[in-house]
Amino acid sequence: MKKLRNWLKAPTAMAALAGVVAAAVVLAVAELLGAFFTARAAPLIALGSTFIDFTPSWLKDFAIATFGTNDKVALFVGMALTIAVLACVLGVVAYRKWALGVLGVLFMGAVIVASVVTRAGVGAVDAIPSVVGTAAGLLVLRLLVLRLRGLEVWPDAPAGAALPPEGSGASRRRFFATAGITAAAAALAATGGRLLGAARSNILQAREALQLPAPARPAPAVPAGVQSPVPGVTPWLTPNNEFYRIDTALSVPEIDVASWELRVHGLVEEEVRLTFQDLLDADLVESHITLTCVSNPVGGNLAGNAKWLGLPLREVLKQARPKEGADMVLSTSIDGFSASTPLEVLQDDRDAMLAIAMNGEPLPLEHGYPVRMVVPGLYGFVSATKWVVDLEVTRFADSKAYWTERGWSERGPIKTMARVDVPKSFAKVPAGRVAVGGTAWAQTRGITRVEVQVDDGDWMEADLSAEASLVTWRQWSYQWDAAPGTHYLKVRATDGTGEVQTDQRADPVPDGASGWQSVMVTVE
């Protein structure tokens, strides 16, 4: 402990602390001022979004596989550590050579500003919080460096230079007092910015006050028995707060329904513009639809089933009248994300829709409020655009979407998949009858059979729960006579076309994972 205290008193360590405090001021001031600008103008949000844009597919896949829906939390933690390390380096550089430190701070400020102004829906004026924050951080760094230089001879001072009259002990106290007060002020500023931003936003209140219209075609009644009888199997209908969320938005867009507009253009006979009121006045349909993320590994939980309310996209495209030769719709979110969806999929009878509600309530903000796309049978990266504001009818040969530019496939049909929910891998169960259960899906094709294999034995047919529709998942159960020892349970599904789920293992990149899930269970 004594060595640590002595090290903290060393000029280099104190210079590193000065850099961290200055970086905190940059972010805090920008956060406070950002409350009066576009939400995506906040430096951390802009930097994180830029990082995501340049993230290679393998790293994104690793992050989702490792952290799941906490991938954004992991990103922020990683960014915070990176910024802290860089700030330490800049603090030491500024202490030893102030001019180099200034250049370093200005370079980092330029990176932040560039990240801000390149965000979709952000203007040049939104760079003001980052510019002012950088200037404030530079001033704080200068102040702390001057305090620190009062402790001892400047590194480049002439030989024999003396300590200041007050002595190094008093100067250290002044340095730490200044650093502590500044850090506390930065924390208050950042908190105030968040609270002010929340107070200025009335989007949540507008969402809660929204009265949903009755559907022109309600969802068919859900048959009895869709839920697997095995305790612990995931609910057939996924609650909104448990529905997986995978997207590129670090800051959830807050969109005023009064200003929201969807533009349909490109290779069409007539450009169409729809307001939110147009959707409320239209003949909306309800449908239970299971969505699946392309990053879902074998046995993963990046899938969910909900009741959606929206306007069929085929009706919107009828108004626009796509031209001959068009084969794709490029949908774009307000935050710049885009997805490429085959045109014919949006024109058939599968109820691909512009959804405005989820499980009987307006879309949650993080799931696309006020409007998102829902397309049965396709992975979300080519179909499930949240916060959608633009549909361009085009050709696959002419346009690329966000993830197809990064090596993922163009079309993304969902593969047949079965999952074991109970028992969990590495579970310990008593010998005798053991209830096994799970979920399977093959959206638009349906599930007609699920089979379970114990170790290398014969495939045994499981009991299927009731089927609600071809576009929802289907649950299953199996009673296993378990003998003591370590066993491996495998599961596979057969879809409505008669195709058996492949045993060939494939990673999520570029068009979805495949293979049979294997669960190790110890029977005692």
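Definitions and cut-offs
Residues numbered from 1 in each chain as written. Predicted model: local features only at pLDDT ≥ 70, side-chain atom pairs only at ≥ 80, totals over all residues. Heavy atoms only, no water. Pairing = 2+ DSSP bridges. Helix = DSSP H or I, 4+ residues; strand = E, 2+ residues; numbered from the N terminus. 1 Å grid on protein atoms, 1.4 Å probe; cavity = no way out; pocket = protein on both sides within 12 Å on 5 of 7 lines; lining within 4 Å. Points joined across faces, edges and corners; volume = space filled by probe spheres on them. Nonpolar A, V, L, I, M, F, W, Y, C, P; charged D, E, K, R; others polar. Domains from an automatic or database assignment. Axes fitted to C-alpha atoms, helices over the stretch in contact; angles between N-to-C directions. Parallel < 35°, antiparallel > 145°, perpendicular 65-115°, else oblique. Left-handed = near helix turned anticlockwise from the far one by under 90°. Contact = heavy atoms within 4.5 Å. Phe/Tyr/Trp six-rings, centres within 6.5 Å; stacked < 30°, edge-to-face > 60°. Buried < 20%, exposed > 50% of the residue type's maximum accessible area, 1.4 Å probe, protein only. Lys NZ or Arg CZ within 6 Å of the ring centre and 35° of its normal.

Under the annotation held in an unreviewed UniProt entry, the chain carries the name Sulfite oxidase-like oxidoreductase and is attributed to Pseudarthrobacter phenanthrenivorans.

(A) Structural detail: the sheet that holds strand β13 (residues 432-441). Read from one edge to the other, the open sheet built from 4 strands follows the order β11-β13-β17-β16, with strand pairing classed as antiparallel. A strand with exactly one partner marks an edge of an open sheet, and here the two such strands are β11 (417-422) and β16 (463-464). Here β11 pairs with β13 via 5 bridges, running antiparallel. In the sheet register, Met417 faces β13, and the bridge partner there is Trp441.

(B) Representation of empty space enclosed by the protein within the structure. In this structure the tally under the stated criterion is 1 cavity of 30 Å³ or more. Taken as a whole, the largest cavity encloses approximately 50 Å³ of empty space. Thr292, Cys293, Val294, Asn296, Tyr379, Lys415, Met417, Trp441 and Ala513 are the residues that line the largest cavity. Tallied by class, residues from the lining of the largest cavity come to 6 nonpolar, 2 polar and 1 charged. No fewer than three residues from each of domain 2 (257-406) and domain 3 (417-523) sit in the lining of the largest cavity.

(C) Spatial organisation of the packing of helix α2 (residues 11-34) against helix α5 (residues 71-96). At a minimum axis distance of 7 Å, the contact between α2 and α5 shows a crossing angle of 120°. Taken together, the axes of α2 and α5 are oblique relative to one another. Seen along the crossing, α2 lies across α5 with a hand that is right-handed. In this structure, α2 uses Pro11, Thr12, Ala15, Ala16, Gly19, Val20, Ala23 and Leu27 to contact α5, whose residues at the interface are Ile83, Ala84, Ala87, Cys88, Gly91, Val92, Tyr95 and Arg96.

(D) Main features of the packing of aromatic side chains. Inspection of every chain in the model, using the stated rule, returns 9 aromatic pairs. Consider the rings of Phe337 and Tyr402, whose centres lie 5.5 Å apart with planes at 45°: the pair is tilted. One end of the pair, Phe337, is in the loop between β5 (328-333) and β6 (338-342); the other, Tyr402, is in the loop between β10 (388-394) and β11, and 65 residues separate them in sequence. Overall, Phe337 belongs to the buried group, its relative accessible area being 12%. Judged by centre distance (6.1 Å) and plane angle (40°), the rings of Trp441 and Trp473 are tilted. Residue Trp441 is found in strand β13, and its partner Trp473 is found in the loop between β16 and β17 (474-482); the two are separated by 32 residues along the sequence. The pair Trp441 / Trp473 is uniform in exposure class, with both members buried. Put simply, the rings of Phe337, Phe381, Tyr402, Trp403 and Trp408 pair up and form one aromatic cluster. Lying across the ring of Trp98, Arg142 places its NZ or CZ 4.9 Å from the centre. Its end group placed over the ring of Tyr402, Arg406 keeps NZ or CZ at 3.9 Å from the ring centre.

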